[in-house]
Amino acid sequence: MSIAGESRTHAPMAAVVGFAIAALTLVGCGSAVSTATGPVGQGTPLIGSSAPTTVTTGQTLADDIPPGRGIAEGGGGPLSYTFREEWRKARAEAQKWRSGAYLIIATGQYVNDDGEPNSWALKFIDKAAADAVLLVDIDPWGAVTQTREVSGSDVSSFVGPYTKRIPYSIIDSDTAVTLGKASLAAQYPLDKTKEPSLALNFSEVDGSGPYWTYMLFYESTAEYVSARVDALTGAVIPTD
């Protein structure tokens, strides 16, 4: 499975991208401005011998995370997963740490057009007055690669007055990429961009959201440009 312009094993700018995502979240703005696209659905599985296949794991409940898509490139090989399926797997790991653990932030770098990065970094807490945060890294094939607990004064780096539980009914990462990429394509030549990334969280400025933020590095001006997508409705939100 190819990553837009990069391989999963090549991420020289990962730390810079992560910092840029954090900065964007903090100020609640980015470089891209576009009009709302309106609500979207959860998407339709792709069908065909060469198209990604769709799988469902577990039972979907009204009060649980909807399954994501399992994608086998070329119709064969190991499945990789869109975000909602990755979230289901990462949450199971987080609830071994604390049974009430819930997601507050997720980020992924070098995201392809199926909404799959080289790795997802998810942050979990188990109560509003958090005394610890669990960091979970998971690869595109659903394997948890690392967990780490943060406690004490370092918790404030992840939890603030507008930190909230990510609701289960968000649009999936593939839809977020489609909407975000289309918004940026209207303003920037995509062949002059690289390092696509996604972030999912609430605004740290006013608590609005949750939002998906799709970000690209624009080579012509050497800056990160972004599109912000309402994670519940799919509307592209102006970021000026």
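Before reading further, recall that the structure is shown in the block above.
What you are looking at is a predicted structure, and each value in this text was computed from that prediction instead of being measured. Position numbers for residues count from 1 along each chain, tracking the sequence in the order it is written. Where local features are concerned, this predicted model is filtered to residues with pLDDT of at least 70; where side-chain atom pairs are given and counted, the filter is 80 or more; whole-chain, interface and lining totals use all residues. Water and hydrogen atoms play no part in the side-chain values, which are based on all heavy atoms of the structure.

Here we take up the pairing of strand E9 (residues 223-230). Residue exposure (1.4 Å probe, protein chains only): buried if accessible area is under 20% of the type maximum, exposed if over 50%, otherwise partly exposed. Only runs of H or I of at least four residues qualify as helices and only runs of E of at least two qualify as strands under DSSP, and these elements are numbered from the N terminus. The buried fraction of E9 is high, at seven of eight residues. DSSP-based pairing: two strands are paired if at least 2 bridges between them are found. In this structure, strand E8 (residues 211-218) lies alongside E9, joined through eight bridges in antiparallel fashion. Its bridge partner lying in E9, threonine 213 is registered against arginine 228. Connecting E8 to the antiparallel partner E9 that follows it, the hairpin turn spans four residues, and alanine 222 within it adopts a positive phi of roughly 55 degrees. Across two bridges, E9 lies against strand E10 (residues 236-237) in antiparallel orientation. Counted as the bridge partner of valine 229 is valine 236 from E10. Between E9 and the antiparallel strand that follows it, E10, lie five residues; glycine 234 among them carries a positive phi value of about 85 degrees.

What follows is about helix H3 (residues 173-185). End to end, H3 covers 18 Å across 13 residues, agreeing with the expected 18 Å (1.5 Å per residue, within 8%). Within the sequence span of H3, burial applies to Ser173, Asp174, Thr175, Ala176, Val177, Leu179, Gly180, Ser183 and Leu184. Contacts are assigned to residue pairs that have any heavy atoms within 4.5 Å of one another. Check the buried side of H3 and you find it contacts helix H2 (83-97), strand E4 (119-125), strand E7 (193-201), E8, E9 and E10. Between the first and last residue of a helix there are one fewer steps than residues, each counted as 1.5 Å, and that sum is the expected span.

Take the sheet that holds E8 next. On the basis of which strands lie adjacent, the open sheet formed by eight strands has the order E6-E5-E4-E3-E7-E8-E9-E10 and antiparallel pairing. If you trace the sheet from one side to the other, it starts and ends with strand E6 (144-151) and E10, each paired once. Bridge analysis of strand E3 (residues 102-109) against E7 gives four bridges, and the strand direction is antiparallel. Counted as the bridge partner of glutamine 109 is serine 197 from E7.

For H2, spanning 15 residues, the distance from its first C-alpha to its last is 21 Å, which sits close to the expected 21 Å at 1.5 Å a residue. The complete set of buried residues in H2 reads Phe83, Arg84, Glu85, Glu86, Trp87, Arg88, Ala90, Arg91 and Ala94.

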